[in-house]
Structure formats: C-alpha cells, structure tokens
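# Structure at a glance
Each chain is listed here by its residues.
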Amino acid sequence: KANVMANLSQIRAWATITRCDGEPLVICAAGPSLADHIEEIKELQKNGAKIIAVKHAIDTLKLHGVKPYGVVLLDPRAHVEGFVKKPDTDCIWFVSSMVDPSVVKTLNDNKAKICGYHALVNAGETSCMIPTDVQVSGGSATATRSIGLFRDMFGYTDFHLFGMDLCYQQKPDMAEKNSDGQPRFMEISIGTSTHGNKYISRTFWTEGQFLAQANEIKEI
C-alpha cells in the first residue's frame, strides 16, 4: 500500500480499457529457452505482432536484434531497480503501481515512457485508489500478470509465449537454501499412461515460484 501511495504521484500516464485490432501479442519471459526462439519471434514481429519483454528479458531480445514494444514490471521488491538502471527510452515501461518507488523514480530520471497499471493482489491496495480505477488480474509472476494486463486492459486474445521456463535442464545444487532457510529447489516426478497402457515418468528440477506459475498458466 505504501508503494502504491508513493507511485500515484510519480506515474503520470495510466492504462485504460481499450481494444486492440486483433493482432497477436508476443510475451517474452527471461527463461534460457528464449534465445532458442529468436527467429520465430522476429517473424511474428515482421508480421505485425507487438513484442513485450518481461523484466530483464529485454536484454536477451536486444542482444539478438529484437526491439520490444514494451516491458512489464510487477515485483514490489527494491531489487527491480537493477533492471532499469539504463532503461530503453524507445519502448513503453508498463509499471505496476505496487513496484518499489525507486523503480519509477529511476525511470522518470531517465525520461523513460511509463504506463502505470494497478495489479489485483488483495492486499488492501484498493483503499489507495479511486472507484473508477481498474485492477489487472493474472498470476503472481510478472509473465502471467502480463497476460492479464494486455487481455484485461487492451483486449488481446492471441498470445504467443516464450521463455517461460518452469524447470531446469540440468540438476541444480539441491542443497541450496532460500533466504528463509528452506530448500530452494525441488525434484518433481510426473507420470502418465500412454499407448498400450505403458506408464512413463519424467523427473523435473524446479522451484516453488515456477510451480505456482505453472498452475497460473493452467488456470488462465
């Protein structure tokens, strides 16, 4: 709530409900697989699709010659400012009102183009808003909230999603801990019966936040 209150005066332009013309939208998260689909993303952009980068996915896109239309930020923690130290001033920064105020200040100081939006998180944030403010649905991850933003506010329905890796290709150090002392990584086995009633299973290494995002994508 404190972040929202501080950002109401810092963000001067806000997303309003409009309708796109039916063109596809490409949302690029920062998973390692993003780099494997650059040519496909370029082809979509060539055919009129807008490219949206999730946080630091903009770095991978620009490294491969893809200029995004916009970048989405959601996380309220202060470390997000590290993503915007030298912001691209040609694209639009879609910034949640709950981000740390230092993020918005840095963007403003660099004369970046900001479009604010209110994320629905059920943390009492509506007490800071006026009745006509529209909140954006979606998941806890910035990537899934991006789907909600462009669906709820701008009417997009044709999404192409890249870089939303929800597991690791190589087994990580399973002894690594989170800041709260709990194991960071999880080993998950998923099985199913296939042709001829043959049962197969596969093991994945993932994190709690990735499991949550997988469920959010399923619900969306």
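Here is what the cut-offs are and how they apply
Residues numbered from 1 in each chain as written. Predicted model: local features only at pLDDT ≥ 70, side-chain atom pairs only at ≥ 80, totals over all residues. Heavy atoms only, no water. Core = buried A, V, L, I, M, F, W, Y, C linked by side-chain atoms within 4.5 Å. Buried < 20%, exposed > 50% of the residue type's maximum accessible area, 1.4 Å probe, protein only. Contact = heavy atoms within 4.5 Å. Pairing = 2+ DSSP bridges. Helix = DSSP H or I, 4+ residues; strand = E, 2+ residues; numbered from the N terminus. Salt bridge = Lys/Arg side-chain N within 4 Å of Asp/Glu carboxyl O. pLDDT = per-residue confidence, 0-100. 1 Å grid on protein atoms, 1.4 Å probe; cavity = no way out; pocket = protein on both sides within 12 Å on 5 of 7 lines; lining within 4 Å. Points joined across faces, edges and corners; volume = space filled by probe spheres on them. Nonpolar A, V, L, I, M, F, W, Y, C, P; charged D, E, K, R; others polar. Polar contact = N/O pair within 3.5 Å; in protein donor to acceptor, adjacent residues only side chain to side chain.

## Let's talk about the nonpolar core
- One finds Ile 41, Leu 61, Leu 73, Trp 93 and Leu 107 to be the most contacted residues of the largest nonpolar core, which totals 28 residues.
- The contact partners of Leu 73, leaving out residues within four places of it in the chain, are Lys 55, Val 80, Val 84, Trp 93, Phe 94, Val 95, Ser 96, Val 99, Val 103, Leu 107, Tyr 117 and Thr 142.
- Listed in part, the 25 residues of the second largest apolar core include Val 4, Cys 20, Tyr 117 and Leu 149.

## What about the sheet that holds strand E2 (residues 50-54)?
- Spatially, the 7 strands line up as an open sheet ordered E6-E5-E4-E3-E2-E1-E7, and their pairing is parallel. Here the strands that pair on one side only, and so sit at the sheet edges, are strand E6 (135-136) and strand E7 (159-162).
- One ladder, built from 5 bridges, connects strand E4 (residues 92-96) with strand E5 (residues 113-119); its direction is parallel. Following the sheet pairing, Phe 94 is matched in E5 by Cys 115.

## Some words on the pattern of salt bridges
- By the definition in use, this model includes 12 salt bridges.
- Measuring nitrogen to oxygen at the nearest pair gives 3.3 Å for the salt bridge that ties Glu 81 to Lys 85.
- Across the pair Lys 171 and Glu 187 runs a salt bridge whose closest N-O atoms are separated by 3.7 Å. Taken together, the positions of Lys 171 in the loop between E7 and strand E8 (185-194) and Glu 187 in strand E8 put the pair 16 residues apart, joining distant regions of the chain.
- In the salt-bridge network here, residues are joined through shared partners; they are Lys 62, Lys 67, Asp 88 and Asp 90.

## Description of the confidence of the model for the protein
- Chain-level pLDDT for the protein is 93 on average; 100% of the residues reach the 70-or-more range.
- Averaged over each element, pLDDT in the protein is lowest for helix H6 (residues 208-219) (88) and highest for strand E1 (residues 25-28) (98).

## A short note on the layout of surface pockets
- Estimated volume of the largest pocket: approximately 830 Å³.
- Lining the largest pocket are 29 residues, with Lys 55, Ala 141, Gln 209, Phe 210 and Gln 213 sitting closest to its centre.
- Listed by contribution, the elements that provide at least two residues to the lining of the largest pocket are helix H5 (142-152) and H6.
- With 4 residues, the top contributor of residues to the lining of the largest pocket is H6.
- A per-class count over the lining of the largest pocket returns 14 nonpolar, 9 polar and 6 charged.
- In this structure, the second largest pocket occupies an estimated 200 Å³ of space.
- Forming the walls of the second largest pocket are 15 residues, and the residues nearest its centre are Trp 14, Ala 15, His 118, Asp 133 and Val 134.
- Here the lining of the second largest pocket is composed, by residue class, of 11 nonpolar, 3 polar and 1 charged.

## Regarding the side chain of His 118
- Take His 118: it is sitting in strand E5.
- With relative accessibility at 4%, the residue His 118 sits in the buried group.
- Engagement of the side chain of His 118 in a polar contact is seen with the side chain of Ser 97, the distance being 2.8 Å.
- Not counting the four nearest positions on each side in its chain, His 118 is found in contact with Leu 8, Trp 14, Ser 97, Met 129, Asp 133, Val 134, Gln 135 and Val 136.

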